[in-house]
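Single-letter residue listing:
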Amino acid sequence: MENGEVPEDANENCPGPQSESAGKSDSCQGCPNQEACATAPKGPDPDLVAIAERMATVKHKILILSGKGGVGKSTFSAQLSFALASLDFQVGLLDIDICGPSIPKMLGLEGQDIHQSNLGWSPIYVESNLGVMSVGFMLPNPDEAVIWRGPRKNGLIKQFLKDVHWGELDFLVVDAPPGTSDEHISIVQFLQATGIDGAIIVTTPQQVSLIDVRKEVSFCKKVGVEVLGVVENMSGLSQPLTDFKVFDSSAGGAAEMCQEMGVPFLGKVPLDPQLCKAAEEGRSCFEGQSCRVSAPVLRGMIEKLLKVKEWNQDELQHAENGRV
Amino acid sequence: MNCSKPCGFPPTDCPGPQSESAGKSDSCQGCPNQEACATAPKGPDPDLVAIAERMATVKHKILILSGKGGVGKSTFSAQLSFALASLDFQVGLLDIDICGPSIPKMLGLEGQDIHQSNLGWSPIYVESNLGVMSVGFMLPNPDEAVIWRGPRKNGLIKQFLKDVHWGELDFLVVDAPPGTSDEHISIVQFLQATGIDGAIIVTTPQQVSLIDVRKEVSFCKKVGVEVLGVVENMSGLSQPELVAFTEVFDSSAGGAAEMCQEMGVPFLGKVPLDPQLCKAAEEGRSCFEGQSCRVSAPVLRGMIEKLLKVKEWNQDELQHAENGRV
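All figures in this text were calculated on a predicted structure; none of them were measured in a lab.

So, on to the UniProt feature "binding site: ATP" (unreviewed entry) in chain A. What UniProt calls "binding site: ATP" (unreviewed entry) maps, in this numbering, to A:Gly67, A:Lys68, A:Gly69, A:Gly70, A:Val71, A:Gly72, A:Lys73 and A:Ser74. Considering the arrangement of structural elements, one finds A:Gly67 in the loop between strand 1 (58-65) and helix 3 (73-86). Other than its neighbours up to four places away in sequence, A:Gly67 contacts A:Pro178, A:Gly179, A:Asp212, A:Val213 and A:Glu216. Mapped onto the fold, A:Gly69 is located in the loop between strand 1 and helix 3. Accessibility expressed as a relative area gives 10% for A:Gly69, which makes it buried. Filtering out sequence-adjacent residues up to four positions away, A:Gly69 remains in contact with A:Pro178, B:Gly69 and B:Gly70.

Written out as structure tokens, the structure reads:
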């Protein structure tokens, strides 16, 4: 990890980014990281204390990741949050995709503003037990591009963790953009001290997705985040007359990748135009009957995960009863 | 920060990162960029000279962008490159997606290594007139994650422009990751002096994509890159065997065509969702070879030929121009 490890593109005899002479030693001349190392503060980050205070009232933190874009991370994050809220958990949904925030749309919260109280920034509540935070709520105009380099994005993600009054949460679901860069390194660095329960990784069946997703699994292993499981999304199109493969899975899809890489396979979600419509309209797919192809599968996955990790309400309730 | 509403945006009196007072003025207090601005070297970047030398032999540069991931940027970049090469243009395809490089797979070049000569790094040639560069060729192990923050990614993108011996190119196609961040800011900064012909923006029909793609159009306008056109990809699923057409991604809000009209940018057309195109990408093939992509290939070819004609980039024009110069 970046804190102590010598970056790959560093010069020979790199003193290490956390060293006192980082960026300033003779060996640093010409290294692409020189400026960053010379100016970055050394030692523990005081903001981590503030983050730890906020996270003290959050029981479980789950990251939703993928190496690949457009596979359904935000859709899954949104529907997972709806499902957990419908099971009477207290849920926070944090969107750390700063350039392309999809969560406000998917929760039916477009146009909402963030308010501050003396406790901090207030999440936007879809329901009393489902609060949401995203840069999407901060844009003066939805077409406005957020043209930020890494440090600014990292700064905002940090604020989302230390300045937002999340309150008592059973689950904080964090929806990340695709990749293994600033947002991902930062969210792990900011939350690791207070514990990350794990990551759910989303993919589609084809190799072009799996190539990137394998990198995401490697990222999780490298930074010590448990892979709770992998979801294969858009896994075939179910139509009344016939099943149809849209994205090629002849290389074995996610199931085979999971077996090779030793991580749990959560299952296949079919490509469901009604799920797309629910996301467009900011609805839970579990309400009504329209998502009858995808909703039962999603629900099954989520209930299984809760059971396997012993996070379900009965367990929590029994634990609390025990403590009374 | 002093704003009463939480905001991550620069203070209203930001002097600008290149200003002498960048990072040092009173307005800079509390801005997350303060340290970087205060210490970054001012004045022109010497590497830009090296980039300009390399780009002197490149006639046209096209960026393939989207605010949204997974809409088909890389697939389009790959097939555009195949199409241009088949028209006998000299083509370079540069993949600047550092964390999730898809281009090697899509050109059938997995496992290839980059070689150096005294002229610089050599692109990997799919055909004699189609050379490719990607971080995907530099990974010791394909599962290896590239866990880099912005500055390192920017450094590699710069090397792709100044150290690669692209040679004489008619077209340099640049495939970008989704977003409007380091890679996008950098590629524009690095290439702007030598001229960017424009960007093709790819989207899918639904609003969740268009929301992000509208931001990408705004980005292009803000940084002065012309939007050559927008492609609406995965636009319905056509199943000739069933005589059926299914809309997979909801277009009831008007899709890309309506967005283009509102934002004043050209609409290039709709490419249907074609499982055979996915298969071609998986196998690193041109969709224009053979008959398997009969749903998508004609549409893609039509779009590309129209673009070449509108921009007067087609071979006849170039040939006539050269003949005129002889």
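Further remarks concern the environment of A:Gly236. Residues and elements named next belong to chain A. Note that glycine 236 resides in the loop between strand 9 (227-232) and strand 10 (237-238). Measuring from C-alpha to C-alpha, the distance between glycine 236 and glutamine 79 comes to 19 Å, with 157 residues separating the pair along the chain. Every residue in contact with glycine 236, bar those within four places of it in the chain, is listed here: Phe244, Lys245, Pro270 and Leu271.

Attention shifts here to the environment of A:Glu281. Residue and element names in this part refer to chain A. The topology assignment puts glutamate 281 in helix 9 (residues 273-281). Relative accessible area serves as the criterion here: at 41%, glutamate 281 is assigned to the partly exposed category. Between the C-alpha atom of glutamate 281 and that of leucine 107, which follows or precedes it by 174 residues, the distance is 7.9 Å. In this structure the side chain of glutamate 281 is engaged in a polar contact, spanning 2.9 Å, whose partner is the side chain of arginine 283.

Moving on: the UniProt feature "binding site: [4Fe-4S] cluster" (unreviewed entry) in chain B. All names here are of chain B. The UniProt record marks Cys14, Cys28, Cys31 and Cys37 with the feature "binding site: [4Fe-4S] cluster" (unreviewed entry), using the residue numbering of this structure. As for its placement among the helices and strands, cysteine 28 is situated in the segment before helix 1 (34-39). A relative accessible area of 7% means that cysteine 28 is categorised as buried. Excluding its chain neighbours within four sequence positions, the residues that come into contact with cysteine 28 are Pro15, Ser21, Ala22, Gly23 and Gln34.

In this section: the UniProt feature "binding site: ATP" (unreviewed entry) in chain B. All names here are of chain B. This chain's UniProt record puts "binding site: ATP" (unreviewed entry) on Gly67, Lys68, Gly69, Gly70, Val71, Gly72, Lys73 and Ser74. Its place among the elements puts glycine 67 in the loop between strand 1 (58-65) and helix 3 (73-86). Among all residues touching glycine 67, those that are not within four sequence positions of it are Pro178, Gly179, Asp212, Val213 and Glu216. Examined against the element boundaries, lysine 73 turns out to sit in helix 3. Excluding anything up to four places from it in sequence, lysine 73 contacts Ile64, Leu65, Ser66, Lys68, Asp175, Ala176, Pro177, Pro178 and Val202.

Reading guide: rules and limits
- Residues numbered from 1 in each chain as written.
- Chains lettered and ligands numbered in written order.
- Predicted model: local features only at pLDDT ≥ 70, side-chain atom pairs only at ≥ 80, totals over all residues.
- Heavy atoms only, no water.
- UniProt positions renumbered as here; feature names shortened; annotations may be inferred.
- Helix = DSSP H or I, 4+ residues; strand = E, 2+ residues; numbered from the N terminus.
- Contact = heavy atoms within 4.5 Å.
- Buried < 20%, exposed > 50% of the residue type's maximum accessible area, 1.4 Å probe, protein only.
- Polar contact = N/O pair within 3.5 Å; in protein donor to acceptor, adjacent residues only side chain to side chain.

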